[in-house]
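A closer look at the structure
This is what each chain is made of:
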Amino acid sequence: MTLETLTAEALTDDIQNQVADLYRQLNADNNQRTLYEILKSDNNVHVIICLIDNKVVGTALLSTYKVISGYRGMVDDVVVDAAQRGKGIGRKLMERLLEEGKKLGLDEILLFTGHHRKPAIGLYTSLGFELRQSGIYNMKLT
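Residues numbered from 1 in each chain as written. Predicted model: local features only at pLDDT ≥ 70, side-chain atom pairs only at ≥ 80, totals over all residues. Heavy atoms only, no water.

Let's talk about the environment of Arg96
Spelled out, the test is: Numbering goes from the N terminus for both helices and strands, where a helix is a DSSP run of H or I of at least four residues and a strand is a run of E of at least two. By definition, residues are in contact when any of their heavy atoms lie within 4.5 Å.
Looking at the secondary structure, you find Arg96 in helix 3 (residues 89–104). Contacts of Arg96, omitting those with residues within four sequence positions, involve Leu3, Glu4, Thr5 and Ile48.

Okay, structure coming up:
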């Protein structure tokens, strides 16, 4: 098992297709953006992939942004292949994202997950994440 920070230069169509297939396990109905778009230089997103035998079995993304209240990171798209779950891959991906956040000097890292995703919640709380007593609101624009 290896973890890699994916760069635009290292991205291939094969990796793009593997990640797209993997993400469908999390949300088959979502209209996906391509990694080619995500890894553009004007987009502050760090993409970590987990490989086993040259097959992408996990992903995790960390977006960074600066606002008046601080320098923040937002975790998104943490996905582990269904056949590989329970082997510590999600933890390793999250630990890598946390290391990256510390290197960048982030003030805090945020994430959200569905209340029904008990294993994910267990992982996040074991890493030190705490449930905020606030609501998240969204509005679909497309």
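Examining the layout of surface pockets
We apply this condition: Using only the protein atoms, space was sampled on a 1 Å grid; points where a 1.4 Å probe fits but cannot get out form cavities, open sets with protein on both sides within 12 Å along at least five of seven lines form pockets, and lining residues are those with an atom within 4 Å of a point. Grid points are joined across faces, edges and corners, and a volume is the space filled by probe spheres set on the points. Just so you know the grouping, Ala, Val, Leu, Ile, Met, Phe, Trp, Tyr, Cys and Pro go in nonpolar, Asp, Glu, Lys and Arg go in charged, and all remaining residues, Gly too, go in polar.
Considering only enclosed or pocket space, the largest pocket measures out at about 1,600 Å³ in volume. Looking at the lining of the largest pocket, its residues break down into 17 nonpolar, 13 polar and 6 charged. Here the second largest pocket is characterised by a volume of approximately 810 Å³. Of all the elements in the fold, those that place two or more residues in the lining of the second largest pocket are strand 5 (108–110) and helix 4 (118–126). Of the residues in the lining of the second largest pocket, the class split is 12 nonpolar, 6 polar and 3 charged.

Some points on helix 1 (residues 13–26)
Our working definition: Take the residue count of a helix, subtract one, and multiply by 1.5 Å to get its expected span.
Here helix 1 contains 14 residues, and its C-alpha end-to-end distance of 20 Å stays within 8% of the 20 Å for a straight helix at 1.5 Å per residue. Where the residues of helix 1 are buried, they touch strand 1 (2–6), helix 2 (35–38), strand 2 (45–52), strand 3 (55–67) and strand 4 (70–80).

Some words on the packing of helix 3 against helix 4
Put simply, the rule is: Convention adopted: a line fitted to C-alpha atoms gives each axis, helices being fitted over their contacting stretch, and angles between N-to-C directions are expressed from 0 to 180 degrees. Throughout, the term roughly parallel applies to angles under 35 degrees, roughly antiparallel to angles over 145, roughly perpendicular to angles from 65 to 115, and oblique to all others. Should the near helix be turned anticlockwise from the far one by less than a right angle, the crossing is left-handed, and should it be turned clockwise, the crossing is right-handed.
One way to put it is that helix 3 packs onto helix 4 with a least axis distance of 11 Å and a crossing angle of 40 degrees. Between helix 3 and helix 4, the crossing angle belongs to the class labelled oblique. In terms of crossing hand, the pair formed by helix 3 and helix 4 is right-handed. Contacts from Gly90, Arg91 and Met94 of helix 3 reach helix 4 at Leu123, Tyr124 and Ser126. Class assignment for the residues of the contact of helix 3 with helix 4 results in 3 nonpolar, 2 polar and 1 charged.

Some thoughts on the sheet that holds strand 5
The criterion, for reference: By this definition, two strands are paired if DSSP reports at least two bridges between them.
One open sheet accounts for 5 strands, arranged 1-2-3-4-5; its pairing is mixed. Edge positions in the sheet fall to strand 1 and strand 5, since each of these pairs with one other strand and no more. Direction aside, the axes of adjacent strands within the sheet are offset by 25 degrees on average. Alignment of strand 1 against strand 2, held across 5 bridges, turns out to be antiparallel.

Things to note about the pairing of strand 3
Bridging between strand 2 and strand 3 involves 8 bridges; their strand directions are antiparallel. Paired with Leu51 across the two strands is Val56, which belongs to strand 3. Two successive antiparallel strands, strand 2 and strand 3, enclose a turn made up of 2 residues, where Asp53 displays a positive phi of approximately 50 degrees. Where strand 3 lies against strand 4, 9 bridges are found, and the strand directions are antiparallel.

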